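Coordinate inspection notes
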Amino acid sequence: MLARSSLRAARSARSISSPTVTSDAQRNASSQSSSESAAAWKSNGLLASSTLLAVGSVSWYYYQFGRPTQAMTPAEEGLHAPVHPWEHTKLYKTFDHSALRRGFQVYREVCSACHSLQRLPYRKFVGSFMTVDEAKALAEESEYDTDPNDEGEVEKRPGKLSDYMLAPYKNDEAARAANNGALPPDLSLITKARHGGCDYIFALLTGYPEEPPAGAVVQSGLNFNPYFPGTGIGMARALYDGLVEYEDGTSATTSQMAKDVVEFLNWAAEPEMDDRKRMGWKVMAVTSVLFGLSVWVKRYKWSNVKTRRLAYQPPPPNAQKQPGSVFRR
Amino acid sequence: MAGVLGGIYNSIVKRNAVFLTTIFAGAFATNIIFNIGADSVWDQINKGRQWKDIKQRYMGDQEEEDE
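Given the structure is predicted, the values throughout are model-derived calculations rather than measurements.

It is worth spelling out the overall build of chain A at this point. Scanning chain A for helices and strands turns up eleven helices and four strands. Here chain A holds 329 residues, and the buried ones make up 27% of them. Sequence-distant contacts in chain A: of pairs separated by 6 or more residues, those separated by 24 or more amount to 63%. Looking at chain A as shown, the accessible area adds up to about 22700 Å², and 57% of this sits on carbon and sulfur atoms.

Now for the environment of Val13 of chain B. All names here are of chain B. In this fold, Val13 is placed in helix α1 (residues 2-13). Among the residues examined, Val13 registers a relative accessible area of 31% and is labelled partly exposed. The contacts of Val13, once residues within four sequence positions are left out, are Ile8 and Phe19.

To continue, consider the UniProt feature "domain: Cytochrome c" (unreviewed entry) in chain A. Residues annotated in UniProt with the feature "domain: Cytochrome c" (unreviewed entry) correspond here to residues 98-251 of chain A. The span residues 98-251 of chain A carries 27% helix and 6% strand; its end-to-end C-alpha distance comes to 14 Å.

Over the atoms, a rolling probe the size of a water molecule traces out where space has been left empty. Taken as a whole, this structure holds one cavity of 30 Å³ or more when the rule is applied. For the largest cavity, the calculated volume is near 30 Å³. Taken together, Ser98, Arg101, Arg102, Gln105, Tyr246, Glu247 and Asp248 of chain A together with Tyr58 of chain B make up the full set of residues lining the largest cavity. Looking at the lining of the largest cavity, the element that brings in the most residues is helix α5 (residues 97-109) of chain A, giving four residues. For the lining of the largest cavity, the class distribution of residues is two nonpolar, two polar and four charged.

Residues and elements named next belong to chain A. Look at helix α9 (residues 197-206) against helix α10 (residues 254-269): their axes get within 9 Å of each other, and the N-to-C directions meet at 145 degrees. Between α9 and α10 lies a crossing of right-handed hand. Touching Cys198, Ile201, Phe202, Leu205 and Thr206 of α9 are Thr254, Ser255, Ala258, Lys259, Val261, Val262 and Asn266, all from α10.

We now examine the packing of aromatic side chains. The geometry of an aromatic ring pair is captured by the separation of the ring centres together with the interplanar angle, meaning the angle of the planes. Residues and elements named next belong to chain A. Counting across every chain of the model gives 16 aromatic pairs over all chains. Between Phe104 and Phe125, the ring centres sit 4.8 Å apart and the planes meet at 50 degrees, which makes this aromatic pair tilted. Taken as a pair, Phe104 in helix α5 and Phe125 in the loop between α5 and α6 (132-140) lie far apart in primary sequence, 21 residues in all. Assessed through its relative accessible area of 3%, Phe104 is described here as buried. In this structure Phe125 comes out as buried when scored by relative accessible area, which is 0%.

For the rest of this paragraph, the subject is a negative patch on the surface. Negative charge collects at one region of the surface, where Asp150, Glu151, Glu153 and Glu155 of chain A lie side by side. Within the secondary structure, Glu151 of chain A is located in the loop between β1 (143-145) and β2 (156-158).

So, on to the pattern of salt bridges. Tallying each qualifying case throughout the model produces 17 salt bridges over all chains. Through salt bridges with shared partners, a single network forms among Arg102, Asp248, Lys259, Asp260 and Glu263 of chain A.

Before going further, it helps to examine the UniProt feature "binding site: heme c" (unreviewed entry) in chain A. Residues and elements named next belong to chain A. UniProt annotation of "binding site: heme c" (unreviewed entry) refers to Cys111, Cys114, His115 and Met235 when read in the numbering used here. These annotated residues cover 125 residues of sequence, and their C-alpha atoms all fall within 10.6 Å of one another, placing them together at a single site. Residues from the annotated list that form part of the lining of the largest pocket: Cys111, Cys114, His115 and Met235. Mapping Cys111 onto the fold places it in the loop between α5 and α6. Residues contacting Cys111, with those up to four places away along its chain left out, are Val106, Leu187 and Val261. Looking at where His115 falls in the secondary structure, it is placed in the loop between α5 and α6. Judged by relative accessible area, which is 9%, His115 ranks as buried. When residues no more than four places from it in sequence are discounted, the contact partners of His115 are Tyr107, Pro168, Pro184, Pro185, Leu187 and Met235.

Definitions and cut-offs
- Residues numbered from 1 in each chain as written.
- Chains lettered and ligands numbered in written order.
- Predicted model: local features only at pLDDT ≥ 70, side-chain atom pairs only at ≥ 80, totals over all residues.
- Heavy atoms only, no water.
- Helix = DSSP H or I, 4+ residues; strand = E, 2+ residues; numbered from the N terminus.
- Buried < 20%, exposed > 50% of the residue type's maximum accessible area, 1.4 Å probe, protein only.
- Contact = heavy atoms within 4.5 Å.
- Areas by Shrake-Rupley, 256 points an atom, 1.4 Å probe, with all protein chains shown as cover.
- UniProt positions renumbered as here; feature names shortened; annotations may be inferred.
- 1 Å grid on protein atoms, 1.4 Å probe; cavity = no way out; pocket = protein on both sides within 12 Å on 5 of 7 lines; lining within 4 Å.
- Points joined across faces, edges and corners; volume = space filled by probe spheres on them.
- Nonpolar A, V, L, I, M, F, W, Y, C, P; charged D, E, K, R; others polar.
- Axes fitted to C-alpha atoms, helices over the stretch in contact; angles between N-to-C directions.
- Left-handed = near helix turned anticlockwise from the far one by under 90°.
- Phe/Tyr/Trp six-rings, centres within 6.5 Å; stacked < 30°, edge-to-face > 60°.
- Patch = residues over 30% accessible without salt bridge, like charges linked within 9 Å, V, L, I, M, F, W, Y side chains within 5 Å.
- Salt bridge = Lys/Arg side-chain N within 4 Å of Asp/Glu carboxyl O.
- Lys, Arg positive; Asp, Glu negative; His and termini not counted.
- Charge placed at Lys NZ, Arg CZ, Asp CG, Glu CD.

Given below as C-alpha cells:
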C-alpha cells in the first residue's frame, strides 16, 4: 500500500514538471499578463484578509472571554495566612483539652465582649473542659427569660446547663452600633466559615502591625490587618501579652492566647472531632483486615485458573480430518 | 490437626443452632475486645490531651463521677 501510493506520488510529481505543462503556463503568462496578475492580487488579498479576519476574531474572542479574570486586587484578597503545624488537626490527635479550657477562658474574658457563641449550650462544656459544677455555675451567671406564667408575664431565671450561650448584644443592629457599623460575626462556626480556618484566624489575631505600613490607606474607624481581605478591619487588635491569667500557669503571650482561642473555636465548630477520628481509625483498622482477607480469598479462588497449564498437541501430520473439520483422535 | 478440626466440627459446626450461636457470640466478643484494644491505643497516643486525663485537676475533692 505504502509502496503503491509513493509510486503514484512520484508519477504525479513527474507530470507537474512535464515539459508540456510548463510551456503552457509560460505561454499563458506572457499573453495574459495583466489579468493574471490581477487574479493573483485578488487571491492574495483574499488569503490575507481571511487570515486577518481569523486572527482578529480569535483574538477578540480571547480578549472577551479568554483572559484570566481577577475579581480582586491582592490587597482586596488579603495576605494568605502562613500554615502552622497544628497538633489537633493531625489525623490521630484529639484536641488538647487543657488548651480548650484556656481558649475558652480567652474567649470569655476577651472576645465575648463583642462576639457571640450562640450555637453552644453550656452542657457541651461538661466533659470537654469543665466539670458539671463549673458549667452550672457559669450558666447561672446569665439570665434567661422564663416561659410566660399564668398572667402572661415573662420573668427572669438563672441559666441552666441546657441553655445556649447569650450574645453580648441584644441584636445585630445594637452590635453594629457599638462597633462603628461593623458586625462582629458569631464565632460558633468561624473556623469552618473562613478560608484557611485555624491558620487564618491565628494570623488575623496576631497579624496586627504596630502601625500600618507607609502608603497603606486605612479608613478612619478601621484597623490595618494584612490578613483581612481589604486590609481594613473593624476589629481592633484584641490580644496583648499578659491579658489573661491562665490558671494552669501557662504564660499568656499573644501567640499562646491566639493559639488557645483558635483551638477552642475549632472545637466549637467541630465538637465531634475527637470521636470522629477515634471512629475513623477503628474503621481503617477493620477495613484493612477485611481488605487483606478479600485479597487472600481472591487468590484462593483464582489459584485454579492461574496455575493451570494448557498443552497443545498438534495432530499427527497425516491424520484424516473428520467431517465438520474438527480433528479427533 | 484432623482431630482438632473434627472436634470443632462435632462440637460447633454440626448443629446449626450451636454454630449460629457461636458466630453471634464471637461477633460480640470480637467487637468488645477490638474496641477496648483500639481505645487503649488511642488513649495512649493522646495521653494527656483528653478531658479524662486532666479532669482530676479540676474535680477537686468532690467525689462525684459525673457525665
